[in-house]
Amino acid sequence: MELERRDFRAMMFYDFMRKISVEQSHDNLVEAFQDQAPSKRTVERWYLDFRRERTSLQDEAREDSRINYEQFAETLKIGKAAINTILHDYLGVRRLAARWIPHNLSEMQLEARVEWCKFMLKKFKGGESKRVYDILTCDETWIYQYDPETKRQSSIWVFPGEDPPVKVRRARSVGKKMVAAFSAFEAWSSRRPKTGIRGLLLHHDNASSHTAAKTLDFLAENSVQLVSHPPYSPDLAPCDFFLFPTIKEKTRGIRFESPEEARLAFEEALWSLPEEKWHSCFDSWFHRMQLCIDCCGRYFEKL
């Protein structure tokens, strides 16, 4: 029998009224329907709606948020000035461009992000455990011979009566070089010479080079433990949310003679980062984990 989402929601509501927990309700559904069963996150979301006294099991109707002024005017038979007043002065809405996200996360991927964050916060006591000093996080990125400035970097002040600035869009240079970067907590460098790489906790993402058999064999032979990372989660990787953007911002707009010169500039910028920046990076790492949990695994806005 092919069940619809409304059927599962009715079962959840029945469990909710019987005061059965989210975990038990989800377990019952999985036991009975296996792969057809909704995810635990879905059960949690509907339990929350039931607590808010939601009465309908149907999907809520959604308005088209991309409708423009002309469509409003045609539908309501009023002028654009009146529409502008209603939207902005009375309703307080703004028209914003869609925010780019790394991936359209599935329910399973949302759950994986939340579970990983909970595991990390518990294992390292929210960043207070001394074991954080054994963590070494790493990743790779491309360094370009020329990487154009962003709009924000090239902005200037314009006085009344002056023409707004224009700038020809420049593409990245084809000359590029891949670099690998490693970052660690403050005490790592003072402790590691005594212990070598044994006991090291290596954190990296799920790139094929990281999961290759040769890589895993080498790490196992040298007693290096791996710290897992949830898929499609650059917002939870220090190299992606801090290190690479910070360094590349310093080198954007500079035209290097060769990819090697670009690499040397990247390395120089890396070593010039103040110590307090590294402190801030790792402090925010665990803060981001809590934000991810608070957002039920979804990508969150900038800190």
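Worth saying up front: this structure is predicted, and the values here are computed from it rather than measured.

Q: Honestly, the overall build of the protein chain in this entry has me stumped. Any pointers?
A: If you tally the helices and strands in the protein chain, you get twelve helices and four strands. Across the 303 residues in the protein chain, those meeting the buried criterion constitute 34%. Counting contacts in the protein chain only where the partners sit at least 6 residues apart, residues at least 24 apart contribute 75% of the total. Accessible area for the protein chain stands at about 21,100 Å²; split by element, carbon and sulfur atoms hold 53% of it.

Q: Where do I start with the packing of helix H10 (residues 238-251) against helix H11 (residues 259-271) in this structure?
A: Two quantities define a packed helix pair, namely the angle between the helix axes and the distance between the axes. Their axes nearest at 9 Å, the elements H10 and H11 cross at an angle of 115°. As for the relative orientation of H10 and H11, their crossing is right-handed in sense. For the pair H10 and H11, the contacting residues are Leu243, Phe244, Ile247, Lys250 and Thr251 in the first and Ala265, Phe266, Ala269 and Leu270 in the second. For the contact of H10 with H11, the residue count by class is seven nonpolar, one polar and one charged.

Q: Would you take a moment to explain unusual backbone geometry for this structure?
A: Peptide bonds are mostly trans, and most non-glycine residues show a negative phi. At Gln34, a position not held by glycine, the phi torsion is positive, near 50°. Note that Gln34 resides in the loop between helix H2 (22-33) and helix H3 (40-51). Taking relative accessible area as the criterion, Gln34 reaches 60% and is therefore assigned exposed. Phi at Lys77 is positive, roughly 60°, even though this residue is not glycine.

What counts, and where the lines are drawn
Residues numbered from 1 in each chain as written. Predicted model: local features only at pLDDT ≥ 70, side-chain atom pairs only at ≥ 80, totals over all residues. Heavy atoms only, no water. Helix = DSSP H or I, 4+ residues; strand = E, 2+ residues; numbered from the N terminus. Buried < 20%, exposed > 50% of the residue type's maximum accessible area, 1.4 Å probe, protein only. Contact = heavy atoms within 4.5 Å. Areas by Shrake-Rupley, 256 points an atom, 1.4 Å probe, with all protein chains shown as cover. Axes fitted to C-alpha atoms, helices over the stretch in contact; angles between N-to-C directions. Left-handed = near helix turned anticlockwise from the far one by under 90°. Nonpolar A, V, L, I, M, F, W, Y, C, P; charged D, E, K, R; others polar.

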